[in-house]
Amino acid sequence: MSEATPAGDDHVYLSLTEGGSDDAQWAFGTGFSDPLHGVDTTLPEGVDRAALAACCLALADDALVTAQRLAQWCTRAPELEEEVALANIGLDLLGQARMLYARAGQVDGTGRDEDAYAYFRDAGEFRNVRLAELPRGDFAFALVRLLALSCWRLALCTRLARAADPVLAAVAAKGVKELTYHRQYAADWVVRLADGTEESARRTRQAFADVLPWLPELFTDRTVAALCPDDGSAAGVEAETREALQQVAAAGGLALPDAEPVPGSGRDGVRTSHLAPLLEELQSVARAHPDGVW
């Protein structure tokens with residue numbers, strides 16, 4: 001540190017608490033204005049505010065937690081290209097989370113912004129599916145989990161693109177394009193690993209065995225299903241997701257194992273022991289400097 005630098009200025013986060021625009025935000029390192037700026041946010045008649053808020057919150061939590069797990073592959077992916085790809089998938093999910101949190105805050109009566117949802121709730125207040133919060137695992141697990149979550153979320157967003165709420169429908173329609181790529185990226189890698197070396201095939205089989213017990217929770221998701229059009233049944237989402245997983249496994253020469261479901265649901269606030277440490281890492285700076293701005 002040079003002699004001209006004040007003694008306290010060597011703290012990397014010091015400037016975050018010094019002045020700045022009132023509308024600057026912690027959210028994902030941006031000073032963006034309302035992520036729904038320019039979007040018609042009028043709530044149509046007949047749409048249940050509480051149900052819409054719960055759906056947006058659940059989908060946003062899924063996206064945020066999944067993105068944070070993907071971010072843990074930065075500097076750890078097998079190749080730089082895959083590190084960038086996983087980071088970009090995480091950024092897609094963060095974009096979805098921002099808009100969904102913003103919509104939840106508009107309709108749940110609290111007026112909370114995206115920062116409040118992302119950084120200032122404890123693990124017990126999150127409503128993500130538990131598959132998203134499981135530890136990073138090895139590369140095979142990361143890709144099989146991404147495949148499962150992408151197949152499921154794509155099936156949901158395809159249906160939610162016809163939701164009565166125009167904001168939810170717009171976010172879902174945008175998400176369909178992103179999730180189609182996420183699913184394809186994960187599928188390509190899962191096939192490559194399953195059809196690769198003996199070791200990569202073993203790890204991929206184990207990854208499916210580790211992921212499949214958590215799938216039933218996704219298919220009993222009443223929170224999101226309540227906002228799907230009448231033809232967007234949970235049974236249809238499950239069939240579409242399982243068929244996609246089966247096709248990818250078969251392409252890699254694997255048979256999906258039987259799996260005993262893990263009881264409970266993240267939608268009901270049931271958590272694993274892994275979410276709290278993940279959130280501590282995600283939220284630490286924002287909580288240390290709650291009035292900080294970029």
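Preceding this section is the structure that the text describes.
The structure reproduced in this document is the subject of the present report.

Each value, and the rule that gives it
Residues numbered from 1 in each chain as written. Predicted model: local features only at pLDDT ≥ 70, side-chain atom pairs only at ≥ 80, totals over all residues. Heavy atoms only, no water. Axes fitted to C-alpha atoms, helices over the stretch in contact; angles between N-to-C directions. Helix = DSSP H or I, 4+ residues; strand = E, 2+ residues; numbered from the N terminus. Parallel < 35°, antiparallel > 145°, perpendicular 65-115°, else oblique. Left-handed = near helix turned anticlockwise from the far one by under 90°. Contact = heavy atoms within 4.5 Å. Nonpolar A, V, L, I, M, F, W, Y, C, P; charged D, E, K, R; others polar. Core = buried A, V, L, I, M, F, W, Y, C linked by side-chain atoms within 4.5 Å. Buried < 20%, exposed > 50% of the residue type's maximum accessible area, 1.4 Å probe, protein only. Salt bridge = Lys/Arg side-chain N within 4 Å of Asp/Glu carboxyl O.

1. Some points on the packing of helix H4 (residues 139–160) against helix H6 (residues 198–211)
Part 1: Where H4 meets H6, the axes come as close as 8 Å, and the angle between the chain directions of the two elements is 45°. Comparing their axes, H6 and H4 come out oblique. Between H4 and H6 lies a crossing of right-handed hand. Along its contact with H4, which presents Ala-140, Phe-141, Val-144, Arg-145 and Ala-148, the element H6 presents Arg-203, Thr-204, Ala-207, Phe-208, Asp-210 and Val-211.
Part 2: In terms of residue class, the contact of H4 with H6 is built from seven nonpolar, one polar and three charged.

2. A closer look at the nonpolar core
Part 1: Among the nonpolar cores identified, the biggest contains 90 residues, and Tyr-101, Leu-143, Leu-168 and Leu-215 are the most heavily contacted of them.
Part 2: With 17 residues, the top contributor of residues to this core is H4.
Part 3: Among all residues touching Leu-168, those that are not within four sequence positions of it are Leu-52, Cys-55, Cys-56, Leu-59, Leu-100, Leu-160, Ala-163 and Leu-227.

3. As for unusual backbone geometry
Part 1: Phi at Thr-75 is positive, roughly 75°, even though this residue is not glycine.
Part 2: Mapped onto the elements of the fold, Thr-75 is located in the loop between helix H1 (49–71) and helix H2 (80–107).
Part 3: A relative accessible area of 68% places Thr-75 in the exposed class.

4. Details of the pattern of salt bridges
Part 1: One pass over the full model with this rule turns up 15 salt bridges.
Part 2: Residue Arg-121 pairs with Asp-61 through a salt bridge whose shortest N-O separation is 2.5 Å. Linking Arg-121 in the loop between helix H3 (114–119) and H4 with Asp-61 in helix H1, this pair joins segments that are 60 residues apart in sequence.
Part 3: When its relative accessible area of 2% is taken as the criterion, Arg-121 is described as buried.
Part 4: With a closest N to O distance of 3.2 Å, Arg-159 and Glu-240 form a salt bridge. Note that Arg-159 is positioned in helix H4 and Glu-240 in helix H9 (residues 234–251), a separation of 81 residues in sequence.
Part 5: Residues joined by salt bridges that share partners form a network here, namely Asp-138, Glu-199, Arg-202 and Arg-203.

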